[in-house]
Amino acid sequence: MFFSCNLKITLGIILAAGWISSCAYLQENLKDEKPPVEEIKPQLSERELMFNSAEAELKNGNDKVALPMFLHIARDPAEGADPIYEKSLLNVGRIYERTDQSEKAILAFQELLKTNSKVITKTSLRMAIIKNHFRVENYYQARIVRTEIDADYKQQKIYLQDIFQALYYQTDLYLDRHILDELLFIGEVQKYFVYVIESDLQTESEKTTDLLILYYKKFVAQLDSSTLAPELKKNLMISLINQLNKFDRYKMEGESQVTNFNRFSNFANDTQRKLTERLANGKF
């Protein structure tokens, strides 16, 4: 019995000593551990800060504030790939376009066209250039650029997806004092709309059809605007009738027709009929 008690006491002393040693060991190791180092984020350059500020102003609709900052960046491109330069130049062109300075917009887009841009495709840039050429009545120059798109498409350097992107994002209209030329522009690129509408790209075909119908509806709606002179309305009406009439020549041969194509064709025929009646009645 005495031996058993002594054994228990001895084991207790050993365990207690082990626990104390473990605590001491842990405390010693904790002293050696260094606190986690916070991740140091790279500081933005002055150029990057300026670009971010310009982007923020652009989103808030402050074109006048954003433009000088984008111009400052665009005047000093970095060597090699420079997405900030490309985005700045693109924004410069878009601001000039929105503020009815199409000649300056063309220069900005042409400069960006010289780069191997990853920000925007050449097809989209060319579409924007064609539109701005029409807005300042540079029809000949616009058609030269159009032949470049045609050549790339024929040589399979670009595909319908590229044309869709260009149409969907670069054909927006302003319906301002250049409204007749904007209508001519849509007529000039109408065949590209047809390419996509008649294609097997189901989603793109539907979106392109909707977009083309929307554009013509916007032109027609301007005929009820109180700000347009009667003579301008008359000219717009005649141009719309002629342009919608030309759409028939794009129809495919055979019995089977693409649904979206028929949808636009029906819209064009109905709109043309109403406009013809309106013109005949002198309602402009």
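In this report, the structure presented in the accompanying data block is examined. Residue numbers here run from 1 along each chain, matching the order of that chain's written sequence. Totals for whole chains, interfaces and linings use every residue, but because this is a predicted model, local features are given only for residues with pLDDT of at least 70 and side-chain atom pairs only at 80 or more, for both listing and counting. Calculation of side-chain values draws on the structure's entire complement of heavy atoms; hydrogens and water are dropped beforehand.

Brief notes about the overall build of the protein
Selection rule: Helix and strand definitions here come from DSSP, where helices need a minimum of 4 consecutive H or I residues and strands a minimum of 2 consecutive E residues; each element is numbered from the N-terminal end. For the exposure calls, accessible area comes from a 1.4 Å probe over protein chains only, and a residue counts as buried if that area is under 20% of its type's maximum, exposed if over 50%, partly exposed in between. Contacts were defined at the residue level, with two residues in contact if any of their heavy atoms lie within 4.5 Å. All accessibility values rest on the Shrake-Rupley procedure with a 1.4 Å probe; residue burial counts only the protein chains present in the view.
A count of helical and extended segments in the protein gives 13 helices and zero strands. When the helices and strands of the protein are placed in sequence order, the string is α-α-α-α-α-α-α-α-α-α-α-α-α. Residues counted as buried form 38% of the 284 residues belonging to the protein. Across the protein, contacts joining residues at least 24 apart in sequence account for 64% of those joining residues at least 6 apart. When the accessible surface of the protein is totalled, it reaches about 17,500 Å², and 54% of it is carbon and sulfur.

So, the pattern of salt bridges
Applicable threshold: For salt bridges, the criterion is a side-chain nitrogen of Lys or Arg within 4 Å of an Asp or Glu carboxyl oxygen.
Considering all chains together, one arrives at 20 salt bridges under this definition. For the salt bridge of Arg 47 with Asp 82, the shortest nitrogen-to-oxygen distance reads 2.6 Å. Of the two residues, Arg 47 sits in helix H2 (residues 46-59) while Asp 82 sits in the loop between helix H3 (63-74) and helix H4 (83-98), which places them 35 residues apart along the sequence. Of the charged contacts, one joins Lys 191 and Asp 150 as a salt bridge, the two residues approaching to 3.0 Å between their closest N and O atoms. Separated by 41 residues along the polypeptide, Lys 191 in helix H10 (residues 190-197) and Asp 150 in helix H7 (residues 139-154) bring together distant segments of the chain. For Asp 150, a relative accessible area of 21% corresponds to the partly exposed category. Members of the salt-bridge network, linked through shared partners, are Asp 100, Arg 135, Asp 176, Arg 177 and Glu 182.

A word on the packing of aromatic side chains
Applied cut-off: For Phe, Tyr and Trp, where Trp contributes only its six-membered ring, two rings pair if their centres lie within 6.5 Å, and the inter-plane angle classes them as stacked under 30 degrees, edge-to-face over 60, or tilted in between. Sitting over a ring, as applied to charges here, requires NZ of Lys or CZ of Arg to be within 6 Å of the ring centre and within 35 degrees of the ring normal.
Scanning all chains against the criterion turns up 10 aromatic pairs. Relative to Tyr 169, the ring of Tyr 168 has its centre 5.3 Å away and its plane inclined at 80 degrees; by these criteria the two rings are edge-to-face. According to the relative accessible area criterion, Tyr 168 is partly exposed, its value standing at 32%. Through a chain of ring-to-ring contacts, three or more aromatic side chains come together here, namely Tyr 216, Phe 219, Phe 264 and Phe 267. Note that Lys 207 overlies the ring of Tyr 168, its terminal NZ or CZ placed 5.8 Å from the centroid.

Topic: the side chain of Gln 170
Structurally, Gln 170 can be placed in helix H8 (residues 160-170). Gln 170 gets classed as buried once you look at its relative accessible area, which sits at 6%. Ignoring sequence-local partners within four residues, the contact set of Gln 170 consists of Arg 94, Ile 120, Ser 124, Met 127, Ala 128, Lys 131 and Gln 165.

Describing unusual backbone geometry
Despite not being glycine, Glu 137 has its phi angle at roughly 65 degrees, a positive value. Mapped onto the secondary structure, Glu 137 falls in the loop between helix H6 (122-135) and H7. If you check the backbone angles, Leu 175 has positive phi at about 50 degrees while not being a glycine.

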